[in-house]
Structure formats: structure tokens, C-alpha cells
Amino acid sequence: MLEIKDLKAKTGDTEILKGLSLSVKAGEVHAIMGPNGSGKSTLAQVVAGRDDYEVTGGSVTLNGTDLLDLEPEERSREGVFLGFQYPVEIPGVNNAYLLKAAVNARRAHAGEEEIDAYEFLKLAREKMALLDMDPKFLNRGVNEGFSGGEKKRNEILQMAMLEPKLAILDETDSGLDIDALKAVAEGVNALRSPDRAIVLVTHYQRLLDYVEPDHVHVLSEGRIVRSGDKTLAHELEARGYEWVREAVNA
Amino acid sequence: MSTESKEIESLVNRRYEHGFVTDIATESLPPGLDEDVIRAISARKNEPEFMLEWRLKAYRQWLEMTEPEWAHVHYPKIDYDAISYYAAPKSDSDRPKSLDEVDPKLLETYDKLGIPLHERARLAGVAVDAVFDSVSVATTFKDKLSEAGVIFCSFSEAVENHPDLVKKYLGTVVPQRDNFFAALNSAVFSDGSFVYIPKGVRCPMELSTYFRINAANTGQFERTLIIADEGSYVSYLEGCTAPMRDENQLHAAVVELVALDNAEIKYSTVQNWYPGDEEGRGGIYNFVTKRGDCRGANSKISWTQVETGSAITWKYPSCILRGDNSVGEFYSVAVANNLQQADTGTKMIHIGRNTRSTIVSKGISAGRAQNAYRGLVRIMPQAEGARNHTQCDSLLIGKECGAHTFPYMEIKHPSAKVEHEATTSKISADQLFYCRQRGISEEDAVNMIVNGFCKEVFNELPMEFAVEAQALLNVSLEGAVG
Ligand SMILES: Nc1ncnc2c1ncn2[C@@H]1O[C@H](COP(=O)(O)OP(=O)(O)O)[C@@H](O)[C@H]1O
Ligand SMILES: [Mg+2]
């Protein structure tokens with residue numbers, strides 16, 4: 001589903017991604033781990049189309065479609081979802097309004113009719129119940145005054161509503177207490193399906209106890225330096241990132 | 001400049017949608033101003049003697065005044081001798097009685113503006129007194145209004161048919177010598193609207209006027225007078241656009257509102273005059289004096305404005321809260337883009353006891369624009385129990401624009417309660433990317449964020465006007481995206 005080949009990206013004069021390749025098939029969950037500053041968020045943002053980064057080489061395709069050619073909103077409508085590490089606040093813009101606009105943008109792209117208000121509310125309430133979210137969140141400003149955990153749940157809610165083909169969740173687990181972590185994990189697991197790919201960017205093993213990955217990759221200095229199954233995550237947890245770095249340099 | 005700020009900049013750059021000039025021949029007076037010009041204006045309008053005298057008196061006062069320089073705006077000196085003080089469509093001598101008689105070019109113009117006059121009037125049940133350049137050319141729904149005893153006509157007609165009302169109220173809210181631009185307007189005003197709502201009458205429809213400046217090089221001087229007699233109510237809508245052009249145009253309107261005991265006037269404006277090109281060339285100078293007098297006890301005047309156009313806006317719709325328990329409100333959205341300069345706000349003058357005022361100002365700056373809120377809350381010594389709440393929010397789009405807040409308070413009674421809140425926020429690249437990642441286009445994202453910011457003010461507009469205002473705001477901040 002997602003094919004990243006030899007991807008190179010820089011910001012300013014700093015090269016951050018230095019030839020990164022990754023292949024994710026439909027139905028799979030991949031975890032990308034790595035120390036701070038290794039380029040995990042950059043990878044996520046480049047796939048989503050953030051223009052702070054200049055792609056200087058390589059390719060990114062989703063089911064054969066060249067993503068690098070598309071605007072961020074087009075990538076989104078093609079089914080790319082990014083759960084942000086730091087979801088931004090948009091004061092005054094109603095959470096439900098944004099969510100509905102997002103759902104309808106996708107529907108319009110797929111040639112479907114707009115969702116009606118009743119159907120939308122019903123769906124949103126269902127998903128919120130699953131995430132243990134108060135329906136009142138719909139009427140608040142987007143992420144406005146939300147706690148860290150609330151913001152992350154809100155990301156998962158959006159993902160659940162948008163039903164993306166490819167979901168990249170950037171450290172959705174960080175800063176969560178155990179209940180929030182479980183709720184988020186449940187939200188992710190509910191979305192696992194044979195025609196969807198999920199990429200979990202995470203710093204810790206913790207989330208992977210609840211969402212079991214098919215593959216684990218270790219990112220270091222802009223490259224994937226190691227790939228394996230879920231045992232790699234445990235090994236990392238036990239031995240620390242130094243171990244990977246040493247192994248690479250050796 | 002980083003790519004992200006360039007992006008945002010290009011987003012707020014947009015061409016003026018309503019830029020075109022209708023070529024209806026106009027019979028303008030030659031440029032320049034002296035007493036003869038004023039006599040000529042008055043004579044063309046067949047005005048009674050008192051009107052001419054009033055104009056001349058204003059002119060003599062104006063001669064002794066100087067242009068104000070205190071506002072946070074900059075523009076080259078205006079050459080008042082280069083302006084033609086009167087322009088009228090060719091058909092002036094033979095004014096159309098109905099839309100069928102209106103120059104089709106003019107109707108086309110309204111059409112391009114998305115204001116199909118007849119349709120709009122019929123569908124929305126709105127009476128429209130359209131001011132094209134300086135003379136009214138179409139008035140509808142007269143019958144229904146006259147049944148209710150409401151007078152809604154052009155100012156010229158009012159001078160002709162209701163001279164006593166004009167004599168009694170004209171200049172009682174904005175005196176001739178009030179300020180430089182008001183004095184000029186008093187001397188040379190061409191036309192405008194007149195409204196009188198009799199005692200106890202609730203005006204059966206929203207009254208609406210669309211203004212449009214057209215003749216090249218012609219200053220436009222509208223004069224509007226609205227009187228709500230005891231216990232009456234009226235909602236008045238004013239909206240305007242102007243065609244693309246090269247020279248700066250001066251617009252110095254005066255609007256006077258009088259609310260007697262228990263009367264209420266709601267005055268809503270959507271202002272969309274040509275703001276000039278990206279370098280600020282060719283935009284309208286909008287120097288307007290708008291003031292409402294809550295003359296009677298328990299009266300209420302509420303100003304709502306959405307200001308998106310003009311190169312320079314200098315405008316402070318104000319309320320004089322003279323009657324006990326009277327209420328003044330000011331809800332404003334002011335957008336300044338590219339090199340636009342806006343210095344706008346309000347004055348609430350509390351004179352009566354237990355008078356209350358509310359100010360909600362939303363300023364949006366984009367491009368290299370400067371947007372200033374200037375507000376005065378004055379509580380007079382006799383205004384026991386007066387209250388004011390002011391909320392002043394600024395939204396910045398991009399890095400080169402500015403927002404300024406100048407709140408003035410003069411409190412001369414110890415019982416006064418005056419509150420002021422102010423915030424400044426930005427549309428960030430993060431917010432735009434967030435929305436786009438959710439499939440929402442950049443333009444829609446900006447609109448969404450801006451509309452969220454303005455919601456409180458839009459809520460005050462009559463429904464159909466709110467929709468229009470929202471659309472206008474979207475157009476105003478539209479960019480060459482994609
Ligand atoms: N917009 C940016 N401007 C400058 N440097 C950046 C930017 N984004 C990321 N970087 C740098 O790139 C490196 C990788 O960052 P990031 O992708 O956020 O790592 P991770 O998510 O793995 O912690 C870091 O050194 C970071 O400082
Ligand atoms: Mg990161």
C-alpha cells in the first residue's frame with residue numbers, strides 16, 4: 001500500500017531523511033521507533049505533505065499514486081491520515097464543524113453525497129463512546145484548551161471518522177496516562193482492517209503492548225537501520241537505542 | 001521569507017472581484033469647490049432655500065477647518081480642487097419610476113455584484129433604495145411601507161416632500177462643524193437615504209440600500225438620516241462595492257440616527273469598496289462619520305459592521321446615550337489586507353442614568369495591512385450606574401501586518417463599571433497544515449478560522465446579510481491558491 005523508496009528530505013541546509021525506504025502492505029501495522037531527533041516526525045510530515053521540508057530524492061506512493069505530486073489536502077482525500085505529535089489549537093472553530101468539513105471533503109472526493117447532520121452526529125457519538133470521550137467535545141473549539149490526553153483522543157476520533165487507508169500516528173502515546181493509552185489503543189485496534197495500513201511512530205514500547213505491530217523498524221539519523229518483528233521492540237526496550245547505534249556503527 | 005509565510009501571503013492575495021466600470025454617461029460638475037458649486041448642486045436638486053443656506057454655512061465652516069492627522073493612517077494629501085462634487089447618471093432629469101425604466105447597464109452592474117435587485121427585493125421582502133453614484137434610481141416596496149406610515153426615500157425626495165422633518169433633525173446628531181469630513185459632506189452632499197418610522201411602528205421589513213461609487217474622479221458624499229419615533233423599531237442594512245479604478249476616491253459620508261423614547265435602531269453595514277491593488281493604488285478613502293443619538297429614555301441603537309474594503313477606512317460609528325436606560329452596541333469586523341489601512345472603532349458617550357454599552361471589535365490584518373481599533377468610552381458626571389463592556393480581538397495573517405488598539409476611557413462618575421478585554425492571535429502555518437491534512441483546502445481553512453474568529457459579530461447581522469458577509473469575508477481573504 002505505502003511504498004517509500006530511498007527518500008531524502010531536508011529543511012534549510014540540514015538533511016534529515018537520508019535515503020529511507022519502507023514498504024507497508026494493506027492490513028499491516030508497522031511501528032517506527034527511534035531516538036529523539038532521528039527523523040520520525042519528519043518522515044510522517046513529509047508523507048503528509050508539509051512544505052517545510054524539501055524532498056530531494058526518492059519516491060512515496062500510495063497504492064501506486066505518487067503522493068509527492070499532491071497537495072496535503074489531496075493526499076488526505078486519497079486516504080492519508082496523520083495523527084499529529086502536537087495537535088494545534090484552532091480557537092473559535094467548532095470541533096464538530098472541522099470534523100464534518102473533513103468528512104465531507106473526503107466524500108466529495110469520492111463522489112459521494114455530503115453526510116447529513118443526523119448521521120454525522122450519530123457516527124461521531126458512537127466513535128466518541130469508544131474512545132471514552134465526552135460528547136461535549138464536539139462543541140468546543142478545535143483542541144482549544146484540551147489537555148494533552150484529550151488532544152490525542154481527538155486525533156484518534158478524527159481518524160475513526162475519516163477511515164483512512166493509511167494512518168500514521170506520530171507519538172500518539174506520549175504524555176498519556178494509562179487509561180488514555182488504553183482508550184487510544186482501543187481506537188487504533190478498532191481500525192485495524194485488511195484494507196488499511198497503520199504506521200505507529202513511537203518512542204516507547206508501551207503502546208505496542210496494546211497494539212501489536214506486525215513489523216518494527218528502528219530509525220536513526222534519517223535511515224531505517226534495523227527492521228524486525230515485535231521482539232525487536234522488546235530488545236530495544238531492554239538494551240536502549242545506544243545498542244542500535246553501536247550496531248550500525250560497528 | 002520562509003516558504004510558509006510566502007504561502008500564507010499568497011493566500012491572502014486576491015484580485016478584487018467586483019472590479020469593472022459601467023459606462024453610463026454622467027453629467028458631472030467640473031472639478032473644484034466654491035460657493036457657486038454649492039449653489040449649482042442645490043439648484044440641480046431644486047432644493048428649498050433653507051437647504052442651500054445650511055450647505056453654505058457648512059462650507060464656510062469647512063474652509064476654516066484642517067484635515068485631521070491623528071488617525072493611524074497615511075495617505076498623500078488630497079487635492080480638494082481636483083474633485084468633482086457632483087455626478088449623476090444621465091437619466092437624472094427623467095428619473096425612472098420603476099425597475100423597467102432603469103438603465104439595463106446599471107441592472108447588469110448590480111447583477112455582477114450578485115445583487116439582482118428585483119429578485120433580492122422580492123425574495124427577501126426587502127425594500128431597496130439603490131444609490132448609484134449620487135442619485136437614487138430605483139425604489140421598491142414603497143406601498144407596503146407607506147401603509148405602515150414608514151417614510152423611506154432618497155434624501156433629495158425627503159428634502160422635497162418632508163422638509164419639516166429634515167429641518168428638525170438634520171445636523172442634530174452630527175453638527176456641520178463636527179469634523180473636517182462631516183463639514184465637507186454637509187456642504188456638498190449629493191444624496192443618500194432618509195427614513196422615518198412613526199410612533200409605535202415596527203418597520204415591516206428590513207430596509208436596505210446598496211451604494212456604489214462609479215463616476216471616475218468623483219468624491220461621493222452620502223447623507224443618511226434615520227429617525228425612529230417613540231416606541232418604533234427599524235433594522236437598516238447598508239452595503240456597498242465599487243469598480244476597479246486608478247485614482248483614489250474620497251468618500252465622506254455622514255449617517256445620523258435618532259432614537260426617541262423606547263425606540264430601537266439596528267444599523268448593519270457590509271462595506272466592500274475597492275481597496276486598491278497590491279501596492280494600494282486606486283483604492284477608496286472611506287472617511288465616514290456615523291453617529292446615533294439615543295435621545296429618548298430606554299432607546300437602543302446598535303451598529304454592526306463588516307468592513308472589508310477601501311484603501312483607508314476612518315470610521316467610528318458612535319452612540320450618544322442621552323436617554324436614561326438607553327443602550328448602545330457596536331459589533332465590528334474589520335479586515336485589512338495588502339496595503340489597506342483601517343482605523344475604526346466606536347465612541348460610547350454615556351450621559352443618561354443606567355446607560356449601557358457593549359463593544360465587540362474583531363480586527364483581521366493580512367498582507368502588509370495596518371488595522372487599528374480606536375474606541376472611546378466616556379462616562380459623564382451625571383451618568384449614574386453606567387456600564388460598558390469592551391472586547392477587542394485581533395487576528396494576524398502573515399508576518400508583515402499589524403494590529404493596534406487604542407482604547408480611551410474617560411470616567412467621571414464613580415459608580416461606572418467599565419471592562420476592557422483584548423486579545424491578539426495568528427493564523428499559523430501549523431493551523432493551516434492541520435486543516436489541510438484533514439482534507440480541507442487552504443482557502444476553506446482560512447475561511448473557517450476567520451469565520452470562527454468573527455462568529456460573535458456575524459450573529460448580530462440579519463440572517464441573509466450574515467451569509468453575504470461571510471461570503472464577502474471569504475472573497476476578501478481569497479488567495480491565488482493552488
Ligand atoms: N522544521 C524544521 N526546521 C529545522 N530543523 C528541523 C525541522 N524539523 C525537524 N528538524 C530537525 O530534524 C531532526 C529530526 O527531527 P524530528 O523529525 O522531529 O525527529 P523525531 O520525531 O524523531 O524526534 C532534528 O534534529 C530536528 O531538530
Ligand atoms: Mg517527533
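In case you missed it, the structure is sitting above this.
Quick caveat, the model's predicted, so the values are computed rather than measured.

What follows covers the packing of aromatic side chains. Here the structure, examined in full by the defined rule, presents 22 aromatic pairs over all chains. Judged by centre distance (5.1 Å) and plane angle (35°), the ring pair of F84(A) and Y434(B) falls under tilted. Here Y434(B) lies in helix α10 (residues 429–437) and F84(A) lies in the loop between β6 (80–83) and β7 (90–94), a pairing that spans two chains. We classify F84(A) as buried; its relative accessible area is 6%. An aromatic cluster is present here, built from Y59(B), W62(B), Y75(B), Y80(B), F180(B), F181(B), Y285(B), F287(B), W314(B) and Y316(B) joined pairwise through their rings. Lying over the aromatic face of F50(B), K167(B) brings its terminal NZ or CZ to 5.0 Å of the ring centre. Positioned above the aromatic ring of Y434(B), the side-chain terminus of R438(B) is 4.8 Å from the ring centre.

Here we come to the sheet that holds strand β4 (residues 54–62) of chain A. Residues and elements named next belong to chain A. Pairing is antiparallel in the open sheet, where four strands are placed in the order β2-β1-β4-β5. The two strands at the open ends of the sheet, each matched to only one other strand, are β2 (14–24) and β5 (65–66). When strand β1 (residues 2–11) meets β4, the two strands line up antiparallel, connected through seven bridges. Each bridged residue has a counterpart across the sheet, and for L2 the counterpart in β4 is L62.

What follows deals with helix α3 (residues 49–63) of chain B. All names here are of chain B. Under the 1.5 Å per step criterion, the end-to-end length of α3 is 21 Å for 15 residues, consistent within 8% with the ideal 21 Å. Every buried residue of α3 is listed here: M51, L52, W54, R55, L56, A58, Y59, Q61 and W62. Lining the buried residues of α3 we find α2 (35–44), α7 (155–161), α8 (163–169), α9 (180–188) and β6 (223–228).

Calculation notes
Residues numbered from 1 in each chain as written. Chains lettered and ligands numbered in written order. Predicted model: local features only at pLDDT ≥ 70, side-chain atom pairs only at ≥ 80, totals over all residues. Heavy atoms only, no water. Phe/Tyr/Trp six-rings, centres within 6.5 Å; stacked < 30°, edge-to-face > 60°. Helix = DSSP H or I, 4+ residues; strand = E, 2+ residues; numbered from the N terminus. Buried < 20%, exposed > 50% of the residue type's maximum accessible area, 1.4 Å probe, protein only. Lys NZ or Arg CZ within 6 Å of the ring centre and 35° of its normal. Pairing = 2+ DSSP bridges. Expected span 1.5 Å × (residues − 1). Contact = heavy atoms within 4.5 Å.

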